[in-house]
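Analysis of the macromolecular model
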2 protein chains.
Amino acid sequence: MLQLPTYEDVAAAARRLQGHAHRTPVLRSSTADARLKAELFFKCENLQRMGAFKFRGAFNALSKFDAAQRRGGVITFSSGNHAQAIALSARLLGIPAVIVMPLDAPQAKVEATRGYGAEVILYDRYTQDREALTAGLAQDRGMTLIPPYDHPDVIAGQGTAARELLEEAGGLDVLLVPLGGGGLLSGCALAARALAPDCKVYGVEPEAGDDGRQSLRKGEIVHISTPQTLADGAQTQHLGRYTFEVIRRDVEDIVTASDAQLVEAMRFFAERMKLVVEPTGCLAFAAACHAGLPLQGKRVGVILSGGNVDLARYAQLIGAQP
Amino acid sequence: MLQLPTYEDVAAAARRLQGHAHRTPVLRSSTADARLKAELFFKCENLQRMGAFKFRGAFNALSKFDAAQRRGGVITFSSGNHAQAIALSARLLGIPAVIVMPLDAPQAKVEATRGYGAEVILYDRYTQDREALTAGLAQDRGMTLIPPYDHPDVIAGQGTAARELLEEAGGLDVLLVPLGGGGLLSGCALAARALAPDCKVYGVEPEAGDDGRQSLRKGEIVHISTPQTLADGAQTQHLGRYTFEVIRRDVEDIVTASDAQLVEAMRFFAERMKLVVEPTGCLAFAAACHAGLPLQGKRVGVILSGGNVDLARYAQLIGAQP
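Residues numbered from 1 in each chain as written. Chains lettered and ligands numbered in written order. Predicted model: local features only at pLDDT ≥ 70, side-chain atom pairs only at ≥ 80, totals over all residues. Heavy atoms only, no water.

Topic: the packing of aromatic side chains
- In this structure the tally under the stated criterion is 12 aromatic pairs over all chains.
- With centroids separated by 5.9 Å and ring planes inclined at 90 degrees, the aromatic side chains of A:Phe42 and A:Phe269 adopt a geometry described as edge-to-face. A residue pair is termed long-range when its members are at least 10 positions apart, and A:Phe42 in strand S2 (residues 39–44) and A:Phe269 in helix H12 (residues 259–273) qualify at 227 residues.
- The class for A:Phe269 is buried, based on a relative accessible area of 0%.
- With a centroid separation of 5.5 Å and an interplanar angle of 65 degrees, the aromatic rings of B:Phe42 and B:Phe285 are classed as edge-to-face. With B:Phe42 in strand S2 (residues 39–44) and B:Phe285 in helix H13 (residues 283–290), the pair connects residues that are 243 residues apart, well separated along the chain. (Phe/Tyr/Trp six-rings, centres within 6.5 Å; stacked < 30°, edge-to-face > 60°. Helix = DSSP H or I, 4+ residues; strand = E, 2+ residues; numbered from the N terminus. Buried < 20%, exposed > 50% of the residue type's maximum accessible area, 1.4 Å probe, protein only.)

What follows is the structure, given as structure tokens:
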């Protein structure tokens, strides 16, 4: 029987993060409100340290290491933002870090990870099993594995984003959260269930990789092959054991957004809200605009999960004619 | 003798703006701090309503209209952000608005101004005198002219940006402010003189149009022809009578930034801080990086004045190889 994280773990994570993570702003847009006939509250995790919510879970997990774990170091696998989050948290806490990253990860993310002082090991995400590879390295080197989402301390840390949003916005009727492996979604669902029991929480995943939705429908974790989508932070092949259990208990439903909808949202954020948001970070707002959810007259939280995107690629995406 | 605005006017403007203007976030960047060996506090007026600080001065000025002025309406001339600021403020307060805009203003700004319900009249900024044109229209139509910078209520409103920054960041040693006609700079200088008397305030104007610096050196307002610069919000030909008097009394010095330095700063904001900042809004940070000011070890306020830039143009600027 899995010991699922609770809201108390989220509250404890918030205390650990105090003074280390940014309390990111909650921004409004009268244009967005008018378009959706709702009140939208955008939680800007693109303005979080290292540019994504992932810092929350990583720092929380590493803060709980004992002396032996600190000496041995941390290892993880990640398509990007979790890599930087572990690397930065490890540097701040004086812990050695090894990051296993896909060969085709955005160059900006690889460089930022190395810039934080971590050792980077590259693998081919289409042919190699990153989880087995990393577990082997962890054992050989005596390092503690902190996976990108399926870990109670990571989930609890990510939940602090929704906790802050609910504290600042007051009650919400709906909360929309990007969904890859489910760390952010399950953590936010824990916070919402405790702080706003009537709030309906939705996960949003890329149309090309709707394993989460399939898993909810089937009642078990569905595995898919790596989806081809602009949302590189949500190219996961399956939910985790912890995240799936929390999601199926506390999440209303899972919806999807297409790449074209992500680009439209990215342009909206740049043009109207002056924010750089990475494709994965656009999932929640794209769904608010296009997934047909009943939002009219509602108070809606929208989590922008991150802003780490290669600048040349970003310019290309927002500069193209819509 | 001119009756210059005072800090009390800034404080009164802050009360009028409460609940109407956003209290914009003050963001930090450990990358910027490390690069400049200083503590930087970025006041994000690109996240202000309509995308620029100009909303503050416009709303403050229009809030003071009497019943006859409200009926008659407001008229102004502007290269962009002041136009939208007056148009939006007028709509919020139920006042008719006419905006005289240059033919070559960014299309996004013209459209946004019309979108707020204002009447737009276009003129050629290289051949026509916008001030004379607007004054004539004001008289013919019985409208009140609120110029973009040289007006005590506008200056006082703009000063609320520095007031909020100083309240949030605590004491500052240096404050860097973009400079066009001087409304923002003079208002911020009033706030700094009252709240942080030892803080040195610098104006930053485009290298191609350093009329402000020339004016300080000469001790009188120097007129130049419209400068060719990416910083379209600072293409002014001269300081105002009010702004010049405040600036020469309360501002330490005026420095400049080149277009290439503005583009570099724009890329930094997008890549590292996830913010869309227009070229004019990059002046202060560009000067922090390149003007040779003694910032090391100091607490430095940097005002990002706005984020209104055509998306295609923006993509071109940040996407080009540096």
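Regarding the interface of chain B and chain A
- Across the contact, 23 residues belong to chain B and 23 residues belong to chain A.
- For the pair chain B and chain A, the summed buried area comes to about 1,900 Å², and 68% of that belongs to carbon and sulfur atoms.
- Three residues, B:Lys274, B:Val276 and B:Leu311, lead the burial of chain B against chain A; their summed loss comes to 36% of the area buried on that side.
- Viewed at the interface, chain A and chain B are joined by 0 salt bridges.
- In this assembly, chain B and chain A are joined by 6 residue pairs in polar contact (both at pLDDT 80 or more).
- Looking at the side of chain B that touches chain A, the elements that each hand over two or more residues are helix H12 (259–273) and helix H14 (311–319) of chain B.
- Here the residues of the side of chain B that touches chain A are counted per class, giving 12 nonpolar, 6 polar and 5 charged. (Contact = heavy atoms within 4.5 Å. Buried area = accessible area lost by both parts, 1.4 Å probe. Salt bridge = Lys/Arg side-chain N within 4 Å of Asp/Glu carboxyl O. Polar contact = N/O pair within 3.5 Å; in protein donor to acceptor, adjacent residues only side chain to side chain. Nonpolar A, V, L, I, M, F, W, Y, C, P; charged D, E, K, R; others polar.)

Notes on the environment of B:Ala161
- Position of B:Ala161 relative to the elements: it lies in helix H8 (residues 152–169).
- Taking the C-alpha atoms as reference points, B:Ala161 and B:Val10, 151 residues apart in sequence, are found 9.5 Å from one another.

Some points on helix H11 (residues 241–250) of chain B
- The set of residues buried in H11(B) consists of B:Tyr242, B:Thr243, B:Phe244, B:Val246, B:Ile247 and B:Asp250.
- The elements touched by buried residues of H11(B) are H8, helix H9 (183–195), strand S8 (200–206), helix H10 (211–218) and strand S9 (253–257) of chain B.

What to know about the relation of the copies chain B and chain A
- When chain B is fitted onto chain A, the two copies agree to an RMSD of 0.0 Å after a turn of 180 degrees and an axial shift of 0.0 Å. A rotation of that kind, with that shift, is consistent with a two-fold axis.
- Comparing contact sets, 100% of the residues at the interface of chain B also lie at the interface in chain A, consistent with an isologous, same-surface contact. (Least-squares fit on C-alpha atoms with pLDDT ≥ 70 in both.)

Quick look at the packing of H12(B) against H13(B)
Residues and elements named next belong to chain B.
- Closest axis-to-axis distance for the H12/H13 pair is 9 Å, and the angle between their directions is 105 degrees. Classified by the angle their axes make, H12 and H13 are roughly perpendicular. Contacts between H12 and H13 pair Gln261, Leu262, Glu264, Ala265, Phe268 and Phe269 from the former with Leu283, Phe285, Ala286 and His290 from the latter.
- Residues that form the contact of H12 with H13 fall into these classes: 7 nonpolar, 2 polar and 1 charged. (Axes fitted to C-alpha atoms, helices over the stretch in contact; angles between N-to-C directions. Parallel < 35°, antiparallel > 145°, perpendicular 65-115°, else oblique.)

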